[in-house]
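Residue strings, one per chain:
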Amino acid sequence: MTKTKKLLLAALCVWFCLVIWGAFFYAPRAAGFKGESARIVFFHVPQAWVAVVAFCVNLVASLQYLRRRDLKDDVRAAASARLGLLFSVLATISGSLFAKVMWGSFWNWDPREVSIAILLLIYAAYFALRQAVADPERRGTLAAAYAILAFVTMPFLVFVVPRIYWSLHPDTIINVQGKIQMDSRMFQVLMGSVLGFTGLFWWLYSLETRLARLRLHRDQRGE
Amino acid sequence: MPAPESLFWVAAVTVGIWLGIFFYCLGIERRLRQLEEEEGL
């Protein structure tokens with residue numbers, strides 16, 4: 001590991017500890033929320049954000065695979081989709097905990113909840129498709145074409161649908177007023193958390209792609 | 001309304017979970033580097 005990478009990882013470790021401290025002790029209690037429930041937002045929103053970033057990376061890698069037909073691009077596409085799915089599941093879990101405290105039920109058929117459930121199914125189908133095709137090149141092509149179609153639905157499901165229909169979710173950052181309706185300390189912690197989760201995503205993405213390349217290398221050697 | 005002590009314990013558990021994830025990934029990072037060196041990558 002290079003010295004720069006060691007420093008970056010150490011910084012990530014400390015950064016997250018600071019974010020956790022900030023989320024529980026620096027940010028004030030949010031008005032209009034039950035108890036301390038709003039503090040979960042500092043983890044829930046960045047998880048959803050990272051899922052969107054991962055699906056964007058999946059789109060770029062899929063397009064590159066269709067252009068260059070390099071299996072390394074397919075590996076990158078699969079790694080990012082896997083992480084996107086993981087962070088979507090985490091966002092769903094953290095969101096349902098918040099829902100239980102705020103609205104009394106883990107699942108309320110809110111437009112955002114339904115949207116993320118559909119998104120999870122769409123990207124789960126991406127892996128079902130990958131599993132169904134044995135030939136790596138054919139798998140790469142089909143998965144890349146599917147990933148492009150899947151991505152088209154993502155902005156619609158994440159950003160459009162929840163804003164068309166009435167939602168239980170508070171729109172404190174992206175709203176029709178076009179203003180950030182959040183305490184400045186809460187906003188600082190939220191942005192710090194978004195940065196930390198994005199750093200964590202890039203680290204996990206690097207681990208996933210390196211592991212997959214190692215497998216690819218072994219497969220190509222015929223082991 | 002939870003007492004400040006309970007908030008402290010939630011934060012402590014969250015830090016524990018984070019450190020667990022961090023050191024687990026660090027272990028994978030080291031093992032991967034070792035395998036990459038063995039494979040000449």
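Residues numbered from 1 in each chain as written. Chains lettered and ligands numbered in written order. Predicted model: local features only at pLDDT ≥ 70, side-chain atom pairs only at ≥ 80, totals over all residues. Heavy atoms only, no water.

1. Topic: the overall build of chain B
In step 1: A tally of regular secondary structure across chain B gives one helix and zero strands.
In step 2: Along the first, second and third principal axes, the C-alpha set of chain B runs to 55 × 10 × 5 Å.
In step 3: Each of the 41 residues in chain B was classed as buried or not, and the buried ones make up 29%.
In step 4: Accessible surface for chain B amounts to roughly 2800 Å². Of this, 68% is attributable to carbon and sulfur atoms. (Helix = DSSP H or I, 4+ residues; strand = E, 2+ residues; numbered from the N terminus. Buried < 20%, exposed > 50% of the residue type's maximum accessible area, 1.4 Å probe, protein only. Areas by Shrake-Rupley, 256 points an atom, 1.4 Å probe, with all protein chains shown as cover.)

2. Description of helix H4 (residues 111-132) of chain A
Each full turn of the α-helix corresponds to 3.6 residues, which orients residues three or four apart in the same direction.
All names here are of chain A.
In step 1: Taking 1.5 Å per residue, 22 residues should reach 32 Å; H4 reaches 31 Å between its end C-alpha atoms and fits that length.
In step 2: The complete set of buried residues in H4 reads Pro111, Glu113, Ser115, Leu119, Leu120, Ile122, Tyr123, Tyr126, Phe127 and Arg130.
In step 3: If you follow the buried residues of H4, they end up packed against helix H2 (41-68), helix H3 (71-103) and helix H5 (136-164). (Expected span 1.5 Å × (residues − 1). Contact = heavy atoms within 4.5 Å.)

3. Observations concerning the packing of H3(A) against H4(A)
Residues and elements named next belong to chain A.
In step 1: Contact geometry of H3 with H4 gives a least axis separation of 10 Å together with a crossing angle of 150°. Considered as vectors, H3 and H4 are oriented roughly antiparallel to each other. With respect to the hand of their crossing, H3 and H4 are arranged in left-handed fashion. Here Asp74, Ala77, Ala78, Ala81, Arg82, Leu85, Ser88, Val89, Ala91, Thr92, Ala99 and Trp103 of H3 come into contact with H4, specifically with Glu113, Ile116, Leu120, Tyr123, Ala124, Tyr126, Phe127 and Arg130.
In step 2: Along the lines of polarity and charge, the residues of the contact of H3 with H4 split into 14 nonpolar, two polar and four charged. (Axes fitted to C-alpha atoms, helices over the stretch in contact; angles between N-to-C directions. Parallel < 35°, antiparallel > 145°, perpendicular 65-115°, else oblique. Left-handed = near helix turned anticlockwise from the far one by under 90°. Nonpolar A, V, L, I, M, F, W, Y, C, P; charged D, E, K, R; others polar.)

4. Quick notes on the confidence of the model for chain B
In step 1: For chain B, the average pLDDT comes to 87, and 90% of its residues sit at 70 or higher.
In step 2: Across the predicted assembly, pTM comes out at 0.89 and ipTM at 0.87. (pLDDT = per-residue confidence, 0-100.)

5. Notes on the environment of A:Lys5
In step 1: Inspection of the secondary structure puts A:Lys5 in helix H1 (residues 3-26).
In step 2: Overall, A:Lys5 belongs to the partly exposed group, its relative accessible area being 24%.
In step 3: Non-local contacts of A:Lys5, meaning those with residues more than four positions away in its chain, are made with A:Trp203, A:Ser206, A:Arg210 and B:Glu29.
In step 4: Among the polar contacts listed, one links the side chain of A:Lys5 to the side chain of B:Glu29, at a separation of 3.1 Å. (Polar contact = N/O pair within 3.5 Å; in protein donor to acceptor, adjacent residues only side chain to side chain.)

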